[in-house]
Amino acid sequence: WTSAGALQFVFFYPDEMHYTDAALQMVQNHDYLTPYKADGTPRFLKPILTYWLVVPGYQLFGIIYFSSRIFFWLAGGFLAAFVYWMSFSISKDRRIALLGAMLTASNPLVMMSATRSIPDIILAFFLTLSAWGFIAILNHEKPEKLYYWMAYLGAAFAFATKGLPAAAYAGFSFLYLWFNPWSRISFRKSIRMFPATVAVFVAFGWFAAMYVLHG
């Protein structure tokens, strides 16, 4: 994956240029809040997180294809690991957990997304983290605080990656906790104010900053 992720002619995807070009301007101009198109106009079609994941690769390894994709490649690897841990926490069977991780790692869409500088693999990564947290809240009589942070912040970072699809996921997750007919979770048990407040700040902070700066 490391070498394959650096191959422009094999894995070129048109949307990549929106993120790699904007990240390059961030590095040059030291303006890390506003993504810009190649012509210098702001680009607000997608939230900021994907751009921020390209920037450190440029700063660490220089302006090359590999550096723009390294953190997306790592997200794909951790996605498979999260599926393993989540599956094991539910089934307590390492064979089932390993099968889930192998299916994730061998999925063609995961492999293609993880070798491109686009939001898809980051969205999948954070939604999986959030799903793990929500599942743990559902399955434990007294869930640990860590699970609330995983559920809320995973959804918040997903929102900061692709916006409304993540909001729809979070809304559905809460509705399932409250209204599923098998093991309903009360509103009081499903909500923890401090991690929820931090998650709202993470999800909407950049949007608020752009409204203040650009109207």
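Scroll up to find the structure this text is about.
Quick summary incoming for the structure in this document.

1. Some thoughts on the overall build of the protein chain
- Of the regular secondary structure elements, the protein chain holds 11 helices and 0 strands.
- Along the protein chain, from the amino end to the carboxyl end, the secondary structure elements read α-α-α-α-α-α-α-α-α-α-α.
- At 19 Å, the protein chain has a C-alpha radius of gyration in line with the 17 Å of a compact globule built from 215 residues.
- The buried share of the protein chain, taken over its 215 residues, is 44%.
- Here the contacts in the protein chain between residues at least 6 apart in sequence split such that 67% fall between residues at least 24 apart.

2. With respect to the packing of helix H3 (residues 49-61) against helix H4 (residues 65-91)
- Across the interface, H3 lies against H4 with an axial gap of 7 Å and an inter-helix angle of 125°. Here H3 is positioned oblique relative to H4, judged by the angle of their axes. Where H3 crosses over H4, the two elements pack in a sense that is right-handed. In this structure, H3 contributes Thr50, Leu53, Val54, Pro56, Gly57, Tyr58, Leu60 and Phe61 to the contact, and H4 contributes Phe66, Ser67, Ser68, Ile70, Phe71 and Phe72.
- Looking at side-chain class alone, the contact of H3 with H4 contains 10 nonpolar, 4 polar and no charged residues.

3. Let's talk about helix H8 (residues 145-162)
- Between its first and last C-alpha, H8 extends 26 Å over 18 residues, near the 26 Å set by a 1.5 Å rise per residue.
- Among the 18 residues in H8, 13 count as buried, and that is most of the element.

4. Focus: the packing of aromatic side chains
- With the rule as written, the count across this model stands at 19 aromatic pairs.
- With a centroid separation of 5.7 Å and 70° between ring planes, the pair formed by Phe61 and Phe66 is classed as edge-to-face.
- By relative accessible area, which is 23% here, Phe66 ends up partly exposed.
- By the ring-pair criterion, three or more aromatic residues cluster together here, those being Phe134, Tyr148, Tyr152, Tyr169, Phe174, Trp178 and Phe187.
- When the ring centre of Tyr19 is taken as origin, the NZ or CZ atom of Arg43, which lies over that ring, is 5.4 Å away.
- Here Arg94 stacks its cationic end above the ring of Phe88, 4.5 Å away from the centre of that ring.

5. A short note on the nonpolar core
- With 52 residues, the main nonpolar core has Ile121, Ile122, Phe126, Tyr152 and Leu177 as its most contacted residues.
- Elements supplying a minimum of two residues to this core: helix H2 (16-29), H3, H4, helix H6 (108-114), helix H7 (119-139), H8, helix H9 (164-179) and helix H11 (193-214).
- By residue number, the principal contributor to this core is H7, which donates 12 residues.
- Sequence-distant contacts of Ile122, that is, excluding residues within four places in its chain, are made with Leu49, Leu53, Phe72, Ala75 and Thr161.

Parameters at a glance
- Residues numbered from 1 in each chain as written.
- Predicted model: local features only at pLDDT ≥ 70, side-chain atom pairs only at ≥ 80, totals over all residues.
- Heavy atoms only, no water.
- Helix = DSSP H or I, 4+ residues; strand = E, 2+ residues; numbered from the N terminus.
- Rg over C-alpha atoms; globule rule 2.2 N^0.38 Å.
- Buried < 20%, exposed > 50% of the residue type's maximum accessible area, 1.4 Å probe, protein only.
- Contact = heavy atoms within 4.5 Å.
- Axes fitted to C-alpha atoms, helices over the stretch in contact; angles between N-to-C directions.
- Parallel < 35°, antiparallel > 145°, perpendicular 65-115°, else oblique.
- Left-handed = near helix turned anticlockwise from the far one by under 90°.
- Nonpolar A, V, L, I, M, F, W, Y, C, P; charged D, E, K, R; others polar.
- Expected span 1.5 Å × (residues − 1).
- Phe/Tyr/Trp six-rings, centres within 6.5 Å; stacked < 30°, edge-to-face > 60°.
- Lys NZ or Arg CZ within 6 Å of the ring centre and 35° of its normal.
- Core = buried A, V, L, I, M, F, W, Y, C linked by side-chain atoms within 4.5 Å.

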